[in-house]
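Analysis of the macromolecular model
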Amino acid sequence: MREALYSSLLHQDVSFYDGTTVGELTSRLGADCHQVSRVIAYELNLISRNILQAAGSFTYLFILSWPLGLCSIVICCTLSMVLMLYGRYSKKAGKLTQEFTASANGVAQETLSLIRTIRVYGTEEQESGRYNIWLEKLVGISLRQSAAYGLWTFSFNSIYHSMQAIAVLIGGVSVLSGRLSAEQVTKFLLYSQALIQSIWIIGDNVSTLMQSVGASEKVFQLMTSCLVISLPQKVGAKLRKLTGHIDFVNVSFFYPTRPKVKVLRDINLSMHPNEVIAIVGLSGSGKSTIVNLLLRLYEPTGGQILIDGVSLNTLDVNWLRERIGYVGQEPRLFRMDISANIRYGCHRDVTQEDVEWAAKQAFAHDFISSLPNGYNTVVDDDLLSGGQKQRIAIARAVLRDPAILILDEATSALDAESEHNIKGVLRAVKNDSRSKRTVIVIAHRLSTIQAADRIVVMNNGRIVETGSHTDLVREDGLYARLTTRQADVVA
């Protein structure tokens, strides 16, 4: 179940993660699946065994004396009603327990991943308070579960002892009247005790079973929803060759978590092979959203995107992503050696020489070679600076030899000299004689994109200006104002 759930989560839409915390998902993988495994390994075994034992005892009681057997039916029905109520509450309590545990794990995961920020701002007590909120809810559920268990135990013992008293009274009267022997009454008491004991064990294990059912509901819901969403991505066309001609035709978009806020409004934009196109604008203007739609992390809510004249929705998404190189603003590296990080996601056979060539293109070879184990050094959060991580991410994208190269604020953490060198890399990648590729650059630092073939300026989800750096400065519009402000900041 863990394997199936983990595989399904990996294929889930990105929009799913916009409203779900990583801590909650890891809790589902750990605690919820473990709760279900306990049922399969232990509770179901005991429940099955005691059902058989109860059925045998009940049958023999009827054979022994049907009047006493009818008394057993009444008592067993009463116990079953109490058990149903207790089991229903246990299912609800189990579901709430897993949800509160998942929420608490989500807070803990977020807090521990941002421990440096918490330490700097001195908010340890505040974060402890956030965590304790969920712990207090867990305590409340646990206390109510204990109270419910106490009521179940009290009801069971009361009915059990009442049954014994009734059996002795009826049995005694039957012995005195000669309808039953003392031996038969003794057998009845022993078998009724076995019946009640079996019902007791069934009740205890059914409550645990219902808690596991409550925990597994969310697991199976996640697995089902993941499969429904991911199946359409498995099919699609594959072009003979991807040239990188991209067309946005009346594209509109809003995020599923914010349906009332339109991020893109009727975008019409063409990108051509062997062209460096820069997208700039104020924060929140929709620059990165264009890239997310191109990578098919989200689907447009209006219009369509064409790749080489073919609708993006009809293409095989895995085939498309293999031919796109992407470097984000905050590249995350895996806890593996640097060579493996650069090779990551490259589906063609590459040698160590290819890895080093890509690192040299990204001006990362020198600092990698200076590390204790060179390319075999395992990446650690404290080992590399932000700029070094970005250069490794750029090397990873260059190694893929992509038809479309996307740099989303990829030079934000680089110093001036490294940024100048990376701009040289972009020109070399663009003018590679072996293939033509479309280069898309998103940047707040306008010095990065002044040499772009075309600059697209966005504002409030719309394209407001298009042209070269010189033309846009001459127009004295939004781009000119942004350039002036950055120059003033530098000054």
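Residues numbered from 1 in each chain as written. Predicted model: local features only at pLDDT ≥ 70, side-chain atom pairs only at ≥ 80, totals over all residues. Heavy atoms only, no water.

You'll find the protein entered in an unreviewed UniProt entry as ABC transporter B family member 26, chloroplastic, with Saponaria officinalis given as the organism. Note on the protein: under the UniProt heading Subcellular location (unreviewed entry), the record states "Membrane". (UniProt positions renumbered as here; feature names shortened; annotations may be inferred.)

Description of the overall build of the protein
Assigned secondary structure in the protein consists of 16 helices and 10 strands. Here the protein, with 491 residues, has 44% of them falling under the buried criterion. Considering only residue pairs separated by 6 or more positions, the protein has 75% of its internal contacts joining residues 24 or more positions apart. Accessible surface, the protein: about 25500 Å² in total, of which carbon and sulfur atoms supply 57%. (Helix = DSSP H or I, 4+ residues; strand = E, 2+ residues; numbered from the N terminus. Buried < 20%, exposed > 50% of the residue type's maximum accessible area, 1.4 Å probe, protein only. Contact = heavy atoms within 4.5 Å. Areas by Shrake-Rupley, 256 points an atom, 1.4 Å probe, with all protein chains shown as cover.)

Quick look at the sheet that holds strand β9 (residues 454–459)
What the 6 strands build is an open sheet, ordered β6-β7-β8-β3-β9-β10; its pairing is mixed. In this open sheet, the two edge strands, each paired with only one partner strand, are β6 (324–327) and β10 (462–467). Adjacent strand axes in the sheet meet at a mean angle of 15° when their direction is disregarded. Alignment of strand β3 (residues 276–281) against strand β8 (residues 438–442), held across 4 bridges, turns out to be parallel. By the bridge assignment, Ile277 is partnered in β8 with Ile440. Where helix α13 (residues 386–399) meets the sheet, its contacts fall on β6 and β7 (404–408), and the angle it forms with β6 comes to roughly 175°. (Pairing = 2+ DSSP bridges. Axes fitted to C-alpha atoms, helices over the stretch in contact; angles between N-to-C directions.)

Things to note about empty space enclosed by the protein
Enumeration according to the criterion identifies 1 cavity of 30 Å³ or more in this entry. Leu68, Cys71, Ser72, Ile75, Met163, Ile166, Ala167, Ile170 and Phe188 together form the lining of the largest cavity. Elements that contribute at least two residues to the lining of the largest cavity include exactly α4 (66–113) and α6 (124–177). Of the residues that constitute the lining of the largest cavity, the class distribution is 8 nonpolar, 1 polar and no charged. (1 Å grid on protein atoms, 1.4 Å probe; cavity = no way out; pocket = protein on both sides within 12 Å on 5 of 7 lines; lining within 4 Å. Points joined across faces, edges and corners; volume = space filled by probe spheres on them. Nonpolar A, V, L, I, M, F, W, Y, C, P; charged D, E, K, R; others polar.)

Considering unusual backbone geometry
With phi around 60°, Arg296 is a residue other than glycine that occupies positive phi space. The residue Arg296 is located in the loop between α8 (287–294) and β4 (302–307) in this model. You will see that Asp401, though not glycine, has its phi angle at about 50°, which is positive. Counting through the fold element by element, Asp401 comes out in the loop between α13 and β7. The partly exposed category is assigned to Asp401, whose relative accessible area is 38%.

Re the environment of Leu472
Mapped onto the elements of the fold, Leu472 is located in helix α15 (residues 469–475). Distance from Leu472 to Ile455, taken between C-alpha atoms, is 8.3 Å for residues 17 residues apart in sequence. For Leu472, the residues in contact, after removing those within four places along its chain, are Ile455, Val457, Glu465, Thr466, Gly467, Gly477, Tyr479 and Ala480.

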